[in-house]
Amino acid sequence: MKTLLITTLLTFFVGVQTAQASNDPKLNQITKIVAEKIHYPKNAIQNHEEGTVYVAFKVVDGNVEAEVLEGLSEELNAEALSAVKTLPAAELLNFEDKTYILPIKFELK
């Protein structure tokens, strides 16, 4: 059975230092929402593509700005980025002016 795993670790990015923020229920909720939106692309499954896509995102004026920091294939990067960019504004009210890094792990089992 092929499945997609989303890591539950979000990190808060400050300069060159990072700090774990996985105990924050709001961050865990965002991780859950992203996990529900991601679909493993069929070509990536056929090509046995696995690994982690790191997406940085921040909220500016209620909108999500996101970019892939470290990616895998074009399809997996696009899928991860799309899922993060579609986060609902209501879930992001307390995330203004901070940049977060969301590692999204794609794994075939």
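Up top is the structure.
None of these values were measured; they are calculated from a predicted model.

The rules we used
- Residues numbered from 1 in each chain as written.
- Predicted model: local features only at pLDDT ≥ 70, side-chain atom pairs only at ≥ 80, totals over all residues.
- Heavy atoms only, no water.
- Helix = DSSP H or I, 4+ residues; strand = E, 2+ residues; numbered from the N terminus.
- Buried < 20%, exposed > 50% of the residue type's maximum accessible area, 1.4 Å probe, protein only.
- Lys, Arg positive; Asp, Glu negative; His and termini not counted.
- Salt bridge = Lys/Arg side-chain N within 4 Å of Asp/Glu carboxyl O.
- Polar contact = N/O pair within 3.5 Å; in protein donor to acceptor, adjacent residues only side chain to side chain.
- Contact = heavy atoms within 4.5 Å.
- Phe/Tyr/Trp six-rings, centres within 6.5 Å; stacked < 30°, edge-to-face > 60°.

## Digging into the side chain of Glu-79
Step number 1: Along the chain, Glu-79 turns up in helix α3 (residues 74–85).
Step number 2: Notably, Glu-79 is buried but unbridged: the nearest opposite-charge side chain belongs to Lys-37, and the N-O separation is 9.9 Å.
Step number 3: A polar atom in the side chain of Glu-79 sits 2.9 Å from the backbone nitrogen of His-39.
Step number 4: Sequence-distant contacts of Glu-79, defined by excluding residues within four places in its chain, comprise Lys-37, Ile-38, His-39, Pro-41 and Phe-106.

## Some remarks on the packing of aromatic side chains
Step number 1: For the coordinates displayed, the defined rule picks out two aromatic pairs.
Step number 2: Centre to centre, the rings of Tyr-40 and Phe-106 are 5.4 Å apart; their planes meet at 80°, and the pair counts as edge-to-face. Of the two residues, Tyr-40 sits in the loop between α1 (25–37) and α2 (42–46) while Phe-106 sits in strand β5 (residues 99–106), which places them 66 residues apart along the sequence. Accessibility assignment for this pair places Tyr-40 and Phe-106 in one class, buried.

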